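Chain residues, written in single-letter form:
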Amino acid sequence: MSRTPPVSDRPPCRLYLITPPAIPDLAAFARDLEAALDAGDVAALQIRLKDADDAVVLAAVAALKPIAQARGVAVILNDRADLAARSGCDGVHLGQSDGSVSAARTMMGRDAMIGVTCHDSRELAMDAAEAGADYVAFGAFFPTETKATLHRPDPEILTIWQETVEIPCVAIGGITAANAGGLARAGADFVAVSGAVWGHPEGPAAAVLELCRAISTTS
């Protein structure tokens, strides 16, 4: 994940995977992750275990990070810059109450990828960009069972962002193969998906393949 060039030279939208909120069987999930990452182009994996204690989070990173990094997929930890730095993740994703970009940068170093949730607010996104974030995330665009959501931005926010700001934007929330293409056309550099991959009836590999096809036919 890197800074976005001018719109005319913008690369294709890519997939940003997010783990389920809980991983009861880490070994089984690791196998699913391997299958998913081998099925199509994935830019990043966010390890998001909101209610887990530190030991569980660190164990998940230890098991999943080598799988992702061996395939050139960036590993981003949700919320916790301290644990991201401690476990050697490539970056951290911060909610609005998870600390500042500058504090995360101090903990993780200049090369870390730091993303910020900005809901439906260009103002929050501009603040994050000015603070040095590497990407901003807008959403939830659609209803989702993965987490409770209060904000429902219009896809136009992606278009406006793409036309005015250079750092990448991620679309998140209720994204499936049926609606990912519209967000990619609107200007998302990445689409973040969780439930539609891990809960796919034909398995995560089939889900990734469908999603990659959906977002690759938007140019």
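Here the structure is a predicted model, which is why all the values come from computation and not from measurement.

Rules used throughout
- Position numbers for residues start from 1 in each chain and track the written sequence from start to end.
- Where local features are concerned, this predicted model is filtered to residues with pLDDT of at least 70; where side-chain atom pairs are given and counted, the filter is 80 or more; whole-chain, interface and lining totals use all residues.
- Processing note: side-chain calculations cover all non-hydrogen atoms of the structure and skip hydrogens and water entirely.
- Think of pLDDT as the predictor's per-residue confidence, scored from 0 to 100.
- By the convention used here, residues are in contact when the closest approach between their heavy atoms is within 4.5 Å.
- The term nonpolar core refers to a set of buried residues drawn from Ala, Val, Leu, Ile, Met, Phe, Trp, Tyr and Cys, joined through side-chain atoms within 4.5 Å.
- Each residue gets one of three labels from its accessible area relative to the maximum for its type: buried under 20%, exposed over 50%, partly exposed in between, using a 1.4 Å probe on protein chains only.
- Runs of E in the DSSP output that reach at least two residues are strands. Runs of H or I that reach at least four are helices, and both are numbered from the N terminus.
- We call a crossover right-handed when, viewed with the strands running away from us, the connection from the first strand over the helix to the second turns clockwise.
- Note on pairing: DSSP must find at least two bridges between two strands before they are called paired.

Structural notes on the confidence of the model for the chain
Do not read the fine detail of predicted coordinates wherever pLDDT is low.
Thinking step 1. With 92% of its residues at a pLDDT of 70 or more, the chain has an overall mean of 93.
Thinking step 2. Taken together, the stretch residues 2-7 has pLDDT below 50 and engages in 17 contacts with residues farther than four places along the chain or on a different chain.

A closer look at the nonpolar core
Thinking step 1. Ranked by size, the top nonpolar core spans 65 residues in total, and within it Leu17, Phe138 and Leu158 carry the most contacts.
Thinking step 2. Top element by residues in this core is helix H2 (residues 54-69). It accounts for seven residues.

Some words on the pairing of strand E4 (residues 91-94)
Consecutive residues of a regular strand have side chains that alternate between opposite faces of the sheet.
Thinking step 1. Of the two faces of E4, the one lined by Gly91 and His93 and the one lined by Val92 and Leu94 are each fully buried.
Thinking step 2. In this fold, strand E3 (residues 74-78) hands off to helix H3 (residues 81-87), which returns the chain to E4; that crossover is right-handed.
Thinking step 3. In the sheet, E4 pairs with strand E5 (residues 113-117) via four bridges, with the strands oriented parallel. If you follow histidine 93 over to E5, its bridge partner there is glycine 115.
Thinking step 4. A crossover connection joins E4 to the parallel E5 through helix H4 (residues 101-108); in handedness this β-α-β unit is right-handed.

Describing the pairing of strand E1 (residues 14-18)
Thinking step 1. In terms of burial, E1 is a largely internal element, four of the five residues being buried.
Thinking step 2. The sheet contact formed by E1 and strand E8 (residues 190-193) spans four bridges and is parallel. Among the inter-strand pairings, tyrosine 16 is bridged to a residue of E8, identified as alanine 192.
Thinking step 3. Once you follow E1 into helix H1 (residues 26-39) and on to strand E2 (residues 42-47), the crossover reads as right-handed.

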